[in-house]
Structure formats: structure tokens, C-alpha cells
Amino acid sequence: KTEKMALSLSDLFRYSINRKDEHMSSVKEEVDMVRSYLEIEQIRFGERLNFKIEADKTIETMAIPRFILQPLVENAIKHGVSNIEGEGVISISVGKNEAMLLITVTDNGPSFPEGLVSGYGLQSLYDLLKLTYGEKAEVDWRNDPEKFIRVTIPIVL
């Protein structure tokens, strides 16, 4: 566990530190960083945390803002799975439709409150999307039939 934690922390720090002035990353790099983050959390939560990541291979090289996915996953842990007794499950999907990239995070924790309040993580996400895409990006969340939060951004080739 200690070795796995050290390796995951190393990957996470490398992603964070080595690119001071870079604001964009590839989908693959962002997904790999979140996988490292989740491996750290999995060591912390043990069998109480399970996760699945599905990413469309055809968009792995697409540029997206750095740390667009991590705040969504952190919120799924902090406000979702850490608030339930049994196994917490987080699913991450990164895919596309005709013109948009879809980043979806689901968890089996408590429902989002009415009029979702944005804390620091979500506010930084909103700001990042606004600066990068203007009005062309969206954040949507639902509780039924499945709880999820989704970021939709334009595909830039």
C-alpha cells in the first residue's frame, strides 16, 4: 500500500508541478492524473471505494483544460461516497457526440441538494470553463434516474 501510494502521489505531483504555464492537457493525461488521484483515495478508503473510468480512445489526444476532471471526482468523494456506510462507487466517462466532449462523473452517494451550491471546486471549474470556452461550455447535474454531474465542452481539433 505504501509503495502504491508513493507511486500515485509521484504521478500526481509530476502532473501538477512540471507544467507551470500550461493550461491545457490531453484527455489521456487528465484521465491518468485522475486515476492516480483515485488510487490514493482508494488506499485511504480501502474496500469502501470502487471506481471505473471509461474514456473514448478516439479523443485521447484532444486538448482540454488541466484539472477539469479532478474537482468533479473530489466532490464525488467528499460529498458522495464518504457520506455512505457501504461501498462507494464512482464512475467516470469521457466521450463525445457530434460536436461536444462529454465528461460525466456518477456516484452512489447522497443526492445533490436542490439548487446545487458551488463551493471552491465547482466555482473554480465554472471559472475555468468560462475563461476557456465562454458560453459554449455547460455544467449539468441530475439526481434521477441516476445521480451524475456532466461537463459539456466544444470539441476543438
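Since we're looking at a predicted model, the values are computed, not measured.

Looking now at the pattern of salt bridges. For the structure on display, the rule yields eight salt bridges. Asp 107 is the partner of Lys 147 in a salt bridge, and the nearest nitrogen-oxygen pair spans 2.8 Å. Linking Lys 147 in the loop between strand S6 (138-142) and strand S7 (148-154) with Asp 107 in strand S5 (residues 100-107), this pair joins segments that are 40 residues apart in sequence. Taken individually, Lys 147 and Asp 107 each receive the classification buried, so the pair is uniform in this respect. With its nearest N and O atoms 2.1 Å apart, the salt bridge here joins Lys 130 to Glu 135. Residues joined in a network through salt bridges with shared partners are Lys 28, Asp 32 and Arg 35.

Grouped together as the largest cluster of nonpolar side chains are 36 residues, with contacts concentrated most on Ile 90 and Ile 92. Contributing elements (two or more residues each) for this core: helix H2 (27-45), strand S2 (49-55), helix H3 (70-80), strand S4 (88-96), S5, helix H4 (120-133) and S7. Excluding residues that lie within four positions of it along the chain, Ile 92 makes contacts with Val 34, Leu 38, Lys 52, Ile 53, Glu 54, Leu 69, Val 73, Thr 104 and Val 105.

The subject of this paragraph is the environment of Glu 138. Looking at the secondary structure, you find Glu 138 in strand S6. Taking relative accessible area as the criterion, Glu 138 reaches 52% and is therefore assigned exposed. In contact with Glu 138, not counting residues within four places along its chain, are Arg 150, Val 151 and Thr 152.

For S5, the buried fraction is high: six of the eight residues fall into the buried class. Taken together, the seven bridges between S4 and S5 define a ladder with antiparallel strand orientation. Looking across to S5, one finds that Gly 95 is bridged to Leu 102. Taken together, S4 and the strand that follows it, S5, pair antiparallel across an intervening segment of three residues. Alignment of S5 against S7, held across seven bridges, turns out to be antiparallel. When the bridges of S7 are listed, Val 105 appears paired with Ile 149.

We now examine the sheet that holds S4. Taking strand neighbours across the sheet as the criterion, the five strands line up as S2-S4-S5-S7-S6 in an open arrangement whose pairing is mixed. Every other strand in the sheet has two partners, leaving S2 and S6 as the edge strands with one partner each. Neighbour-to-neighbour, the strand axes of the sheet open up by a mean angle of 10 degrees, direction not taken into account. As paired elements, S6 and S7 share five bridges and run antiparallel to each other. By the bridge assignment, Asp 140 is partnered in S7 with Arg 150. Each of S2 and S4 is contacted by H2, which is oriented at about 170 degrees to S2, the strand it contacts most. Sheet strands touched by H4: S6 and S7. Its angle to S7, the strand with the most contacts, is close to 15 degrees.

The rules we used
Residues numbered from 1 in each chain as written. Predicted model: local features only at pLDDT ≥ 70, side-chain atom pairs only at ≥ 80, totals over all residues. Heavy atoms only, no water. Salt bridge = Lys/Arg side-chain N within 4 Å of Asp/Glu carboxyl O. Helix = DSSP H or I, 4+ residues; strand = E, 2+ residues; numbered from the N terminus. Buried < 20%, exposed > 50% of the residue type's maximum accessible area, 1.4 Å probe, protein only. Core = buried A, V, L, I, M, F, W, Y, C linked by side-chain atoms within 4.5 Å. Contact = heavy atoms within 4.5 Å. Pairing = 2+ DSSP bridges. Axes fitted to C-alpha atoms, helices over the stretch in contact; angles between N-to-C directions.

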